[in-house]
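Structure at a glance
Given next are the chains, with one letter for each unit.
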Amino acid sequence: MSLKSDFLTILDTRGFIHQATDLEGLDTLLTQEPITAYIGFDATARSFHVGSLVQIMVLYWLQQTGNRPLVLMGGATTKIGDPTGKDESRKLLSEEEIRENIEKLSTIFSRALTFGKGPKDALLLNNDAWIDSLNYSSFLRDYGTHFTINRMLTFESVRLRLEREHPMTFLEFNYMILQAYDFLELYKKYGCCVQIGGVDQWGNIINGVELVRRVTHKTVYGLTTPLITTASGAKMGKTAQGAVWLNADLLSPFEYWQFWRNTEDKDVGRFLRLFTTLPLDEIERLEKLEGAEINEAKKVLADKATAFIHGEKAAQEARETAHKLFETTQANYQESSLPTLMLTQEELEKGAPILDLFCRLGLTSSKGEARRLIEGGGARLNDTPIQNELSVITATSFQDGSPLKLSAGKKRHGLITKP
């Protein structure tokens, strides 16, 4: 169908739309007035990974087209755990852990959204504010009648768990009811008429749309984004080294920049549409580059994606560091943004074991992994393969006073310095 509203047109042309309850009806509403929409995020970790960036970009475009985004943190629903896509119950976190996670997670939205009290300003909310104060018997009486076990058993998150004969607790079974109640609460308090989520949230979103309709007799809408995979079929944001985190304390801006720089050729155009704000005509030009020139498009992708989350300065530093590491013969590391470890004078006198240094720099998760890396020829010191796992770094290792570059494979690097 031909879309008329700015918001849905942008989502459609950039590849964000997977399914909707009534796309034509929502499009018509968007051409008539600004809307309020929300996306919910449970606080199961202290950082989002890059897979969550799709939802963050949707909120960005929602606000850029004159609408109001609500960011809903699941302070209450995290205590239960979303069973969607899981064969086992999620680990239950303490209230203190959830609060700390929300505090960390909330910082990432300030890069993408403008918060305030204006009609189009984003709001950061926590469903703990209304769920924790619910009277259980009253809640069941008022809203439990709108949900049937028969219908809930048809949702994929429940059906797959039962088919695999993995237990599903009554606690988890309540999750979808509480998420539906979130939508009703946000509709009543903020006039929120759209819930957006990943494709795995379709069943939960449908529950919310139906609950609002049953209770208020009003029409609201649901919209999902697709699961993003790479051209080779890997799930977006999952690498051999683990999740690609958005918080700089878990993954440096340089490593984040490198993740995007190493995008597969076939993904460049799609990822530029999804994860940058570049104009479409510029993206079309970049994705047509071939051979070695496609690397320039990858650098643009890395620059823009990194700047969006970490800021322009961090993106520039990451690119300059990459240039020094990979595109010059004699690197000058003094101003590098790579992970850096300064050895003490005592360590230099005794000799710092190379296996320990890989772990301390976060290049490997254990000495065993570092040992295997050396045996496989993937460990390097100043671009020279490390042959002996018993090697140590001493003061004499620093030939001209410059930092030493320790590398785990081609993509992970750290610096060792002396006082």
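Figured I'd write up the structure that's included with this text. (Residues numbered from 1 in each chain as written. Predicted model: local features only at pLDDT ≥ 70, side-chain atom pairs only at ≥ 80, totals over all residues. Heavy atoms only, no water.)

Our focus in this paragraph is the sheet that holds strand β11 (residues 379-381). Across a sheet, strands are paired by hydrogen bonds formed along the backbone, either parallel or antiparallel in direction. With respect to topology, five strands assemble into an open sheet ordered β9-β15-β14-β11-β12, the strand pairing being mixed. Looking along the sheet, the strands with just one partner apiece sit at the ends: β9 (340-342) and β12 (384-385). Where β11 meets β12, two bridges bridge the pair, whose relative direction is antiparallel. Each residue of the ladder has a partner; that of Arg380, found in β12, is Pro385. (Pairing = 2+ DSSP bridges. Helix = DSSP H or I, 4+ residues; strand = E, 2+ residues; numbered from the N terminus.)

Right, let's talk about the side chain of Asn67 for a bit. Residue position: Asn67 is located in the loop between α3 (53-64) and β3 (68-74). According to the relative accessible area criterion, Asn67 is buried, its value standing at 3%. A distance of 3.2 Å separates the side chain of Asn67 from the side chain of Thr65, its partner in a polar contact. Residue contacts for Asn67: discarding those within four places in its chain leaves Phe7, Leu30, Glu33, Pro34, Ile35, Leu62 and Lys120. (Buried < 20%, exposed > 50% of the residue type's maximum accessible area, 1.4 Å probe, protein only. Polar contact = N/O pair within 3.5 Å; in protein donor to acceptor, adjacent residues only side chain to side chain. Contact = heavy atoms within 4.5 Å.)

We now examine the environment of Ala122. Along the chain, Ala122 falls in the loop between α5 (109-112) and β4 (123-126). Along the backbone, Ala122 and Gln63 are 59 residues apart, and their C-alpha atoms lie at a distance of 7.6 Å. What Ala122 contacts, discounting residues up to four positions off in sequence, is Gln63, Pro69, Leu113, Thr114, Phe115 and Gly116.

A few words on unusual backbone geometry. For His217, which is not glycine, the phi dihedral falls at a positive 60 degrees. Tracing the chain through its elements places His217 in the loop between α12 (202-216) and β6 (221-225). For His217, a relative accessible area of 67% corresponds to the exposed category.

Moving on, we come to the sheet that holds β6. Taken together, six strands build an open sheet; the order of strands is β1-β6-β5-β2-β3-β4 and the sheet is mixed. At either margin of the open sheet sits one strand with a lone partner, and together these are β1 (19-20) and β4. Contacts from α12 reach β1, β5 (194-198) and β6, with the element oriented near 170 degrees to β6. (Axes fitted to C-alpha atoms, helices over the stretch in contact; angles between N-to-C directions.)

Looking now at the nonpolar core. If you look at the biggest cluster of nonpolar residues, it comprises 97 residues, and the most contacted ones within it are Phe7, Ile35, Leu53, Ile56, Phe109, Tyr256 and Trp260. Sequence-distant contacts of Ile35, that is, excluding residues within four places in its chain, are made with Leu26, Leu29, Leu30, Leu62, Asn67, Arg68, Cys193 and Val194. The next biggest cluster of nonpolar side chains, apart from the first, holds 21 residues, and it includes Ala352, Ile354, Leu355 and Ala379. (Core = buried A, V, L, I, M, F, W, Y, C linked by side-chain atoms within 4.5 Å.)

Overall, the coordinates contain 18 salt bridges when judged by the stated rule. Here the residues in one salt-bridge network are Lys79, Glu95, Arg99, Asp128 and Asp132, joined through shared partners. (Salt bridge = Lys/Arg side-chain N within 4 Å of Asp/Glu carboxyl O.)

The side chains of a regular strand alternate between both faces of the sheet. Along β5, five of the five residues are buried, which leaves the element largely enclosed by surrounding structure. Strand direction decides the pairing type here: strand β2 (residues 36-42) and β5, joined by two bridges, are parallel. Each bridged residue has a counterpart across the sheet, and for Tyr38 the counterpart in β5 is Gln195. Strand direction decides the pairing type here: β5 and β6, joined by five bridges, are parallel. Residue pairing across strands places Gly197 opposite Thr224, the latter belonging to β6.

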